[in-house]
Amino acid sequence: MKPTGLLLAAALLLGAAGAYTVKPGDTLYSIARAHGTTVAELTRLNALSSPTISVGQELRVPGTPASTPGTGAPGATSKPGLPAPLPADQLAPTPPTARIAGVNIRVPASLRMGDAFVVQLSGARAAQATVRFPSEVGEDVREPAEALRPIGAAGEFTVLGRVVLGKTTPVVYEVSLGGELVRGRIPVVGLDQPIQHLNLPPRISGVLQDPGRAAEDAAVEKAYARRTPQAWSRPFMPALAAVKASSSSFGQPRTYVAGGPVAYHFGTDYPARAGTPVMAVNDGTVVLAGRYPVRGGLVVIDHGAGLTSLYFHQSRVLVKVGQKVARGQKIGEVGSTGLSGGPHLHLEMRVRGEGTNPAGWMNRLWPR
């Protein structure tokens, strides 16, 4: 065979896949987006057991890249509705000794993928500050780098942050006040969980093709977009009494059907008998309540400050849209409705629409 024939055969054997070297700031999502493919396809091509990747790692990629992920170069592609990623020089942190006059800033020393966290501001002018997270630009998040105003009183204020699932690059935050700016960086580590293959039977997985699914997703997205004042003043509590989480842990990458796409588990599952009371984790307003194809018996509570809690698969829903609920109030009962293989509660805690680990909220007024 001629050399050109050998090259053609090799290309066919590799499915026209090329090679890509992982760079600082890359995620599977950003690489997939830049090469016109999906996270599921990259996972398959590279036989990955988890979504965690390392700088310098060689990945097989299909097709021709549209741009280099994370460069922010002209012509760079991005998910519809998202701006192009920030160039690296704009993510360089301000020296840690920098401060805004009259405002002290405290942030966690490190974070894990899927964490909710707080930026704490104190001082006479803290209420006047604005906080953004510019590292969200170009990531698969809702409202990236949204301008956030602190919540609090008497010189102690808080801004909620979130670490999107799939992110292992640092969180970059900015605090601005009166024309001054402080930028800082918080390192992030992954969860390193293997992909879970559920292989649900068609009688269960069939709801994923339900014609009503699009309307269900749109209703939930509308709830995520709410921005109302903080409604809670006490620590968050478990939604089920004395029930431990199952092995389907928060943030685990999984497939629901054989050969299906890989998706993160955005909540925590709590197995319990059908009929077990489901309680509101804190004060808030019910913004969704009813039976839906995928989430089943669903209640969504807006707690204010961009925080919503979601309760899936209930057999009975006992509250109505617009109803004010109190911490510990019964809102429904455990069931196995929607995309569910047995009685359990799937609980989500969403910060401005992004899934955060419910364990980080329990028995706390704010996450760490």
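Residues numbered from 1 in each chain as written. Predicted model: local features only at pLDDT ≥ 70, side-chain atom pairs only at ≥ 80, totals over all residues. Heavy atoms only, no water.

As recorded by an unreviewed UniProt entry, the chain carries the name Peptidoglycan DD-metalloendopeptidase family protein and is attributed to Deinococcus navajonensis.

Trainee: Give a description of the sheet that holds strand β12 (residues 196-197) that names residues and reports values.
Mentor: Note on sheets: strands pair through backbone hydrogen bonds, and any given pair is parallel or antiparallel. If you trace the 3 strands from one edge of the open sheet to the other, you get β12-β13-β14, paired in mixed fashion. One side of each edge strand has no neighbouring strand; the edge strands of this open sheet are β12 and β14 (263-264). Where β12 meets strand β13 (residues 253-255), 2 bridges bridge the pair, whose relative direction is parallel. Residue pairing in the sheet places His197 in a bridge with Thr255 of β13. (Pairing = 2+ DSSP bridges. Helix = DSSP H or I, 4+ residues; strand = E, 2+ residues; numbered from the N terminus.)

Trainee: Give me the confidence of the model for the chain: which residues, what numbers.
Mentor: Averaged over every residue, the pLDDT of the chain is 84; the share at 70 or more is 83%. Residue range residues 1-17 is modelled with pLDDT below 50. Its contacts to residues more than four positions away, or to other chains, number 9 contacts. A low-confidence stretch, residues 64-82 stays under pLDDT 50, and its non-local contacts, those more than four residues away or across chains, total 32 contacts. (pLDDT = per-residue confidence, 0-100. Contact = heavy atoms within 4.5 Å.)

Trainee: How would you sum up the nonpolar core? Please name residues and give values.
Mentor: The nonpolar side chains of a soluble globular protein tend to be buried with one another. Phe236, Val281, Ile301, Leu307, Tyr311, Ile331 and Trp361 are the most contacted members of the largest nonpolar core, which has 29 residues in total. At the level of elements, β5 (116-122), β18 (296-304), β19 (307-314) and β23 (344-351) are the ones that each hand at least two residues to this core. Here this core gets 4 residues from one element, more than from any other, and that element is β23. Setting aside residues no more than four positions away along its own chain, Val281 makes contact with Pro235, Phe236, Met237, Pro238, Ala239, His303, Ser309, Tyr311, Arg327, Leu347, Met349 and Met362. (Core = buried A, V, L, I, M, F, W, Y, C linked by side-chain atoms within 4.5 Å. Buried < 20%, exposed > 50% of the residue type's maximum accessible area, 1.4 Å probe, protein only.)

Trainee: Describe in detail the pairing of β19, supporting the description with residues and values.
Mentor: Along β19, 8 of the 8 residues are buried, which leaves the element largely enclosed by surrounding structure. Here 6 bridges tie β18 to β19, and the two strands are oriented antiparallel to one another. Paired with Val300 across the two strands is Leu310, which belongs to β19. Once β18 ends, the chain turns through 2 residues before running back antiparallel as β19, passing Ala305 with a positive phi of about 60 degrees. With 6 bridges joining them, β19 and β23 adopt antiparallel strand pairing. Paired with Ser309 across the two strands is Met349, which belongs to β23.

Trainee: Break down the packing of aromatic side chains for me, with residues and values.
Mentor: By the definition in use, this model includes 4 aromatic pairs. The interplanar angle of 65 degrees and the centroid separation of 5.1 Å between the aromatic rings of Phe236 and Trp361 together place this pair among those described as edge-to-face. Within this pair, whereas Phe236 is found in the loop between α5 (213-224) and β13, its partner Trp361 is found in the segment after β24 (354-356), the two being separated by 125 residues in sequence. Here Phe236 matches Trp361 in class, with each residue buried. Through a chain of ring-to-ring contacts, three or more aromatic side chains come together here, namely Trp232, Phe236, Trp361 and Trp366. The ring centre of Phe266 lies 4.8 Å from the NZ or CZ of Arg350, which sits over that ring. (Phe/Tyr/Trp six-rings, centres within 6.5 Å; stacked < 30°, edge-to-face > 60°. Lys NZ or Arg CZ within 6 Å of the ring centre and 35° of its normal.)

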